Amino acid sequence: MSNYRITGNTGEWEIVVGMEVHAQVVSQSKLFSGASASYGGEPNSHVSLVDAGFPGMLPVLNEECVAQAVRTGLGLRAKINKFSRFDRKNYFYADLPTGYQISQFEHPIIGEGKVEIELPDGEVRVIGVTRLHLEQDAGKSIHDQDPTRSFIDLNRAGVALMEIVSEPDIRSPEEAGAYLRKLRQILRYLGTCDGNMEEGSMRADVNVSVRRPGEEGYRTRCEIKNLNSVRYVMQAIEIEAERQIDIWEEGGTIDQETRLFDHVKGETRSLRTKEDAHDYRYFPDPDLLPLELEQSWIDELKAHLPELPEDKRARLEKEYGVSRYESAVLTAEQSVADFYEEVAKGQDARLATNWILGDFFAALNRTGRSIENSPVSAQGLRELLGLISDSTINGKIAKEVLEDMVETGESAQAIVDRKGLKQVTDTGAIEKSIQEILDANADKVAEYKSGKEKLFGFFVGQTMKAMKGKANPALVNELLKKMLSA
Amino acid sequence: MSLDAKKVARIARLARIGLSDAEVETYRREMDGIIGWVDQLNEVDVTDVPPMIGSELASARLRKDEVTDGNRQEAVLSNAPEREGPFYTVPKVVE
């Protein structure tokens, strides 16, 4: 159980949060029409007469959107409903040409599932998923182009969305953030939603209420709509909970309502909708037959499901000996995990892990690149680590080579050859260099011999410096010890 | 089931249709008649009969995920009462 509490004037409060996440389905065409579902495009160009609500147009369901919903259900370890149905949700808005949204109300395609979240302290919590259903997105209204008119672009109208509804199991802003991140990760692994929150591919509505710790049941909740980042979700929950606590503590009551989060002012505001605005008068869409799924088809989708984040994490820990923390970082994005495996497979895995999490990530950060357009390929990094493993270069020189690779795009071997960085393993040459250092620092040698042993590091440093960093560190250590005790 | 004037006014509002009091009364009578007629169905005993949505013999037909439509801006905008470049326009709606 979460210990998150908000302290009011009259004592402590606990928060109760459930989330509805709208995730845009990855598909070529729309849920019920053959118009393109891709983002952008000339206004009103990705629109068919079905999407524009022309009379007599009939919706035909997109098979891939159904498959994507089933894959998501399987990834959430949820119940797949072999019978589901589409309903009309009726409301008027300028960017909804038909006057209704086709959704699934009574019989959603996916039933109960769960999402495991891990909190920063390592605690694992399970957040229940109530359901997932398929529905259409609406168009876009643009209000800032004209003083008296709104402009309508229907490119989004009819694009398939999955609405994923959680149980009110979330107990802190951190859990809400972790839930959204985890959901996003699972969807991205499955390839069912690109998770791009800036483009609106994922948006969340959060239901927030508060109660005293230990109190049974739930108090009245408010819904905060259309949050498009993890940070806003966390902020909105905290701000809304504090607002409700103030009202309860002053002896007031909460009205169940829809609110908007204003991140500039740091407040939630009531959406003053008419009292009957939420009478959606759902009824089965007479243009669409019920959706019935064959078990064999579900099995086939299941057989081709990609490895999920949790499974990949466990496997990386087992196969490459990475820690629990390291596996979380490496599997946060599938592309990172793929990159890691390409570098680490059949190599010194520890070396690969340290290099990827250390210098390689640092190089990505420095250049502002992502793993997808990394300045160094997995093959390239693999070659570099190979040069360390076979003692061609030492670790320190390798850092320099990596920087050069990032800058020039040349291969590690080419850089080592060009700069003459090959490690010196010739004991004669190293001994010669050490002797010069010892001769030049006779006073320090004497100090060392009289017990000031930490000077050893000084001699190592001087030798490496004299050899331009190219000496094999193990050999330097070994020979220095021998020569100092001679 | 019978309709009162309040319910008729509400249905009209949800449909964004403005009705005068006299019209409300007209529609109340007409709709009441329709409901009364459909109400005859309640005489049939449907205990243990599952609701039928469409034909029981068929389930949804699915289409392949291919882009086969779109790029028909002019046709899409042809019925718009008002437009501005590639957009429909409507009286400003801001919540």
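The text that follows walks through the structure, step by step, so that each part is easy to find. Residue positions within a chain follow its written sequence, with the count starting from 1. Just so you know, chain letters begin at A and ligand numbers begin at 1, following the order they were written in. Only residues with pLDDT of at least 70 get local features here, since the model is predicted, and only at 80 or more are side-chain atom pairs given and counted; chain-wide, interface and lining totals rely on the full set of residues. Side-chain descriptors were evaluated using all non-hydrogen atoms of the structure, hydrogens and water having been removed beforehand.

Turning our attention to the overall build of chain A. The secondary structure listing takes helices from DSSP runs of H or I that are at least 4 residues long and strands from runs of E that are at least 2 residues long, numbered from the N terminus. Per the secondary structure count, chain A includes 15 helices and 17 strands. Over its C-alpha atoms chain A spans a radius of gyration of 30 Å, topping by over 25% the 23 Å that the globule rule assigns to 486 residues. Accessibility here uses a 1.4 Å probe with only protein chains present; expressed as a share of the type maximum, an area under 20% marks a residue as buried, one over 50% as exposed, and anything in between as partly exposed. Taken across its 486 residues, chain A has 53% of its residues classed as buried. We call two residues in contact when some of their heavy atoms are within 4.5 Å. In chain A, the proportion of contacts linking residues at least 24 apart, taken out of those at least 6 apart, comes to 68%. As defined in this context, the radius of gyration uses C-alpha atoms, and a globule is described by 2.2 Å times the residue total to the power 0.38.

Moving on: helix α14 (residues 456–466) of chain A. Residues and elements named next belong to chain A. Buried within α14 we find Phe456, Phe459, Val460, Thr463 and Met464. The buried residues of α14 occupy one face: seen down the axis, they fall within an arc of 130°. Buried-residue contacts for α14 involve α12 (427–440), α13 (442–449) and α15 (473–484). Of the residues flanking the end of α14, it is lysine 468, one or two places downstream, whose phi is positive at about 55°. Directions from the helix axis toward the C-beta atoms define the arc.

Residues and elements named next belong to chain A. The patches reported here contain residues having more than 30% relative accessible area and no salt bridge. Joining distances are 9 Å for like charges and 5 Å for nonpolar side chains (Val, Leu, Ile, Met, Phe, Trp, Tyr). Working definition of accessibility: Shrake-Rupley area with a 1.4 Å probe, residue cover restricted to the visible protein chains. Think of a salt bridge as a Lys or Arg side-chain nitrogen and an Asp or Glu carboxyl oxygen that are within 4 Å of each other. Counted as positive: Lys and Arg. Counted as negative: Asp and Glu, with His and the chain ends omitted from the count. Working definition for charges: the position is that of NZ of Lys, CZ of Arg, CG of Asp or CD of Glu. Together, Glu174, Glu238, Glu242, Asp246 and Glu250 make up a negatively charged patch on the protein surface. Top contributing element to the negative patch by residue count: helix α3 (residues 230–249), with three residues. Examined against the element boundaries, glutamate 242 turns out to sit in helix α3.

Spatially, the three strands line up as an open sheet ordered β6-β5-β16 (chain A), and their pairing is antiparallel. Across the chains shown, the open sheet's two edge strands, defined by having one partner strand only, are β6 (100–103) and β16 (283–284) of chain A. What makes two strands pair is DSSP finding at least two bridges between them.

All names here are of chain A. What is meant by a nonpolar core is a set of buried Ala, Val, Leu, Ile, Met, Phe, Trp, Tyr and Cys residues, joined one to another through side-chain atoms within 4.5 Å. Counting residues in each nonpolar core, the largest one holds 72 residues, and the members touching the most others are Met19, Ile109 and Tyr179. When residues no more than four places from it in sequence are discounted, the contact partners of tyrosine 179 are Met19, Val21, Val115, Ile117, Ile127, Val129, Ile164, Ser166 and Ile170. Counting 37 residues, the second largest nonpolar core, distinct from the first, contains Leu330, Tyr340, Leu351 and Ile388.

It is worth spelling out the side chain of asparagine 441 of chain A at this point. All names here are of chain A. Within the secondary structure, asparagine 441 is located in the loop between α12 and α13. Taking relative accessible area as the criterion, asparagine 441 reaches 15% and is therefore assigned buried. When sequence neighbours within four positions are dropped, the list of residues in contact with asparagine 441 reads Phe458 and Phe459.

All names here are of chain A. When the sulfur atoms of two cysteines come within 2.5 Å, that pair is taken as a disulfide. The full count for this structure, using the stated rule, is zero disulfides over all chains. Of all cysteine sulfurs, the one in cysteine 193 lies closest to cysteine 65, which takes part in no disulfide; the gap is 12 Å. Cysteine 65 gets classed as buried once you look at its relative accessible area, which sits at 0%.

With that settled, consider the interface of chain A and chain B. At the interface, 51 residues of chain A touch 42 residues of chain B. Accessible area that two parts lose when put together, evaluated with a 1.4 Å probe and summed over both, is termed the buried area. A buried area of about 4100 Å², summed over both sides, lies between chain A and chain B, and 58% of it is on carbon and sulfur atoms. Linking chain A with chain B are three salt bridges, by the criterion used here. Taking the shortest distance from any N to any O, the salt bridge between arginine 149 of chain A and glutamate 82 of chain B comes out at 3.1 Å. The term polar contact refers here to a pair of N or O atoms within 3.5 Å; inside protein, the definition further demands a hydrogen-donor-capable atom paired with an acceptor-capable atom, and it admits residues adjacent in sequence only when both atoms are side-chain atoms. At the junction of chain A with chain B, the criterion picks out 26 residue pairs in polar contact (both at pLDDT 80 or more).

On to the pattern of salt bridges. Residue and element names in this part refer to chain A. Taken as a whole, this structure holds 47 salt bridges over all chains when the rule is applied. Of the charged contacts, one joins arginine 243 and glutamate 240 as a salt bridge, the two residues approaching to 2.8 Å between their closest N and O atoms. Pair noted here: arginine 243 and glutamate 240 are both in helix α3, with a separation of three residues, about one helical turn. Residue classification places glutamate 240 among the buried positions, given a relative accessible area of 0%. Measuring nitrogen to oxygen at the nearest pair gives 2.5 Å for the salt bridge that ties glutamate 257 to arginine 259. Looking at glutamate 257, the relative accessible area reads 24%, which means it is partly exposed. Residues joined in a network through salt bridges with shared partners are Glu307, Lys312, Arg315, Glu319, Glu341 and Lys345.

This next bit is on the packing of aromatic side chains. Residue and element names in this part refer to chain A. In this scheme Phe, Tyr and Trp rings, the latter by its six-membered ring, pair at centre separations within 6.5 Å, and the angle between planes marks the pair as stacked below 30 degrees, edge-to-face above 60, and tilted otherwise. Inspection of every chain in the model, using the stated rule, returns 12 aromatic pairs over all chains. Each ring, one from tyrosine 280 and one from tyrosine 282, has its centre 6.1 Å from the other, and the planes form 75°; the classification is edge-to-face. An angle of 65° between the planes, with centres 5.5 Å apart, marks the rings of phenylalanine 458 and phenylalanine 459 as edge-to-face. Members of the aromatic cluster, each reached through a chain of ring pairs, are Tyr91, Phe105, Tyr280 and Tyr282. We note arginine 88 situated over the ring of tyrosine 100; from NZ or CZ to the ring centre the distance is 4.0 Å. We call a charge positioned above a ring when the Lys NZ or Arg CZ atom is no farther than 6 Å from the ring centre and deviates by at most 35 degrees from the ring normal. A cation over a ring is seen here: arginine 219 above tryptophan 248, with NZ or CZ 4.7 Å from the ring centre.

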